[in-house]
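Fold and geometry: a report
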Amino acid sequence: MSTAKPEATLEANFDGLVGPTHHYAGLSFGNVASERNARRIANPREAARQGLMKMQALAALGLPQAVLPPQERPHLPTLRRLGYSGTDAQILARVARSAPELLAAVSSASAMWTANAATVSPSADCADARVHITPANLCSNLHRAIETETTARVLKAVFPDPSRFVHHAPLPATPMLGDEGAANHTRLCSDYGDPGLELFVYGRGGDDEPRPARYPARQTRMASAAIARLHELDAAATFFAQQHPEAIDAGVFHNDVIAVGNREVLLYHEQAFVDAQALRGWICTHLPGERRPVFIEISETEVSLDAAIASYLFNSQLVCPADGGMRLIVARECEETPAVWSALQRILADDRNPINGIAVFDLRQSMQNGGGPACLRLRVVLTPAERAAVAPGVWITPERHAELLAWVDAHYRDRLTVDDLADPQLLEESRTALDRLTALLKLGSLYDFQRN
Ligand SMILES: NCCC[C@H](NC(=O)CCC(=O)O)C(=O)O
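- By the naming in an unreviewed UniProt entry, the protein chain is N-succinylarginine dihydrolase, taken from Sinimarinibacterium thermocellulolyticum.
- Under the UniProt heading Subunit (unreviewed entry), the entry covering the protein chain gives this text: "Homodimer."
- As recorded by UniProt, the Pathway (unreviewed entry) comment attached to the protein chain reads in full: "Amino-acid degradation; L-arginine degradation via AST pathway; L-glutamate and succinate from L-arginine: step 2/5."

Right, here's the structure in full:
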């Protein structure tokens, strides 16, 4: 067992803080939880608290843990751009009457799922030895596409030093270049500081490749290839794998719903990829460093695709705590799904893999919109010098965690439905909360309402 030293290169998790307008509107076609829970009563306060509990627990394992702020919602600048005019209250009343689905979209707290914020490549993988960051265009859904501009601004504020961090522009927002960020990107390595393998998973490739019939493929091969070029990755250490179209049609709208990789371990469902064997073969011949790859393939007979999607087993986080070993961070739904829980016990008992612990979290508010433990975090591998260059206010310490809980309790409602979204008071509450938050996290003026 190795104890992580403070001078080591480590993987940090940047979790999205759930915003005050968290609600269920069935906005994501192809995301079965979002569709199933449309119009359910949401509890934004509980949602934010559940996320903060996970952040604090990972920080307590000795892992670098940070927070990314929510976005301004309802987003009035989008509504004005779409032709609504008048006071904020007048606009909210009009859009609620004429296009309630548009009001729901501009009110979504979906920026919480920071696995879709960007694709990040560690400096060890990039030719210029800097960390490369490309915000995702999220062009498959309006409520998500409007995150990109603010996300780019937030990431520049959090990773400010241009000698260490390169910020690319999001890819043009068009179906051919659909990009949903790190949820379709995995890195394997021997140790975090070593050069690694970057694995991009796409749903839609060339005309000769199979496509889902029912649900959209949100990530294209062309988008992934562009990111690999922008990040100056070594072509010999980069692989593009196609996600199984049948999995997409069953509700696997991102690869991180069906596979998770960490260090030398790849845990995936047998229906995750069109050609898992080719992927494994390539990893075996290409993984640099001392460790040998470890594959944990879960068969359809052990855990059905439907059980995997209902429990979000593969949306677990696989992390390396400071005291050694590897731990799975799973949603409570895994414990509640018998086939999944026994598969997890089997994985734990098997000493051919380094996984030696499981921690269960209640993330139900996010899960009901199709976002599990891994959706809520953006992974960023950082050297000690890079960690020191991150905006200091975003790191989760016991004090910051307590401040954020108090901030949530002071500003968030414990009940929200789509019918509440037109309430001008909710907009006011959100802006007041976010204004305090940027001060608390020492991030300066991030939001449109702070800059006008
Ligand atoms: N990585 C998890 C993303 C989940 C997200 N859900 C949503 O947007 C649901 C929102 C709603 O239906 O209210 C999505 O599908 O992109």
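Once the structure has been displayed, the description carries forward.
A word on the packing of aromatic side chains
- Inspection of the entire model under this criterion finds nine aromatic pairs.
- Seen from their ring centres, phenylalanine 29 and tyrosine 215 are 5.1 Å apart, and the 85 degrees between their planes marks the pair as edge-to-face. One end of the pair, phenylalanine 29, is in the loop between strand E1 (10-16) and helix H1 (32-36); the other, tyrosine 215, is in the loop between strand E7 (197-202) and helix H8 (221-230), with 186 residues separating them in the sequence.
- On the accessibility criterion, phenylalanine 29 (47% relative accessible area) is partly exposed.
- Owing to a relative accessible area of 9%, tyrosine 215 belongs among the buried residues under this scheme.
- Chaining the aromatic ring pairs together yields one cluster made of Phe14, Phe159, Phe165 and Trp395.

Section: unusual backbone geometry
- Of note, the bond from arginine 73 into proline 74 is cis; its omega dihedral lies within 30 degrees of zero at -10 degrees.
- Mapping proline 74 onto the fold places it in the loop between strand E2 (65-68) and helix H3 (76-81).
- Positive phi values are uncommon outside glycine, yet arginine 39 reaches one of about 75 degrees.
- Position of arginine 39 among the secondary structure elements: in the loop between H1 and helix H2 (44-60).
- Assessed through its relative accessible area of 56%, arginine 39 is described here as exposed.
- Of note in the backbone geometry, alanine 129 takes a positive phi value of approximately 60 degrees without being a glycine.

Concerning the site of the ligand
- The environment of the ligand is made up of 17 residues, and the closest members are Leu27, Ser28, Ser34, His143 and Arg218.
- In the environment of the ligand, an oxygen atom lies 2.8 Å from a nitrogen or oxygen atom belonging to the side chain of serine 28.
- Look at the ligand: alone it shows 430 Å² of surface, and the protein chains cover 100% of it.
- Residues belonging to the shell around the ligand are distributed by class as follows: five nonpolar, ten polar and two charged.

Describing the pattern of salt bridges
- Within this structure, the stated rule accounts for 28 salt bridges.
- Where arginine 80 meets aspartate 88, a salt bridge forms, and the shortest distance between an N and an O atom there is 2.8 Å.
- Taking the relative accessible area as the measure of exposure, aspartate 88 reaches 23% and is therefore partly exposed.
- Here the salt bridges do not stand alone but share partners, grouping Arg332, Glu333, Glu336, Asp362 and Arg364 into one network.

Focus on the sheet that holds strand E6 (residues 185-188)
- Ordered in space as E6-E7-E8, the three strands form an open sheet in which the pairing is mixed. The strands lining the two open edges of the sheet, one partner per strand, are E6 and strand E8 (238-242). Neighbour to neighbour, the strand axes of the sheet diverge by 25 degrees on average, direction disregarded.
- As paired elements, E6 and E7 share four bridges and run antiparallel to each other. Bridge assignment links arginine 187 to a residue of E7, and that residue is glutamate 198.

What about the pairing of strand E3 (residues 118-121)?
- Both faces of E3 are covered, namely the face carrying Ala118 and Val120 and the face carrying Thr119 and Ser121.
- Of the strand pairs in this sheet, E3 and strand E4 (residues 131-135) are connected by four bridges, and their pairing is antiparallel. Among the inter-strand pairings, valine 120 is bridged to a residue of E4, identified as isoleucine 133.

A word on the environment of aspartate 423
- Structurally, aspartate 423 is set in the loop between helix H16 (398-411) and helix H17 (424-440).
- We classify aspartate 423 as partly exposed; its relative accessible area is 28%.
- Reaching out from aspartate 423, the side chain makes a polar contact with the side chain of arginine 413 at a distance of 3.0 Å.

Each value, and the rule that gives it
Residues numbered from 1 in each chain as written. Predicted model: local features only at pLDDT ≥ 70, side-chain atom pairs only at ≥ 80, totals over all residues. Heavy atoms only, no water. UniProt positions renumbered as here; feature names shortened; annotations may be inferred. Phe/Tyr/Trp six-rings, centres within 6.5 Å; stacked < 30°, edge-to-face > 60°. Helix = DSSP H or I, 4+ residues; strand = E, 2+ residues; numbered from the N terminus. Buried < 20%, exposed > 50% of the residue type's maximum accessible area, 1.4 Å probe, protein only. Near = heavy atom within 4 Å. Polar contact = N/O pair within 3.5 Å; in protein donor to acceptor, adjacent residues only side chain to side chain. Areas by Shrake-Rupley, 256 points an atom, 1.4 Å probe, with all protein chains shown as cover. Nonpolar A, V, L, I, M, F, W, Y, C, P; charged D, E, K, R; others polar. Salt bridge = Lys/Arg side-chain N within 4 Å of Asp/Glu carboxyl O. Pairing = 2+ DSSP bridges. Axes fitted to C-alpha atoms, helices over the stretch in contact; angles between N-to-C directions.

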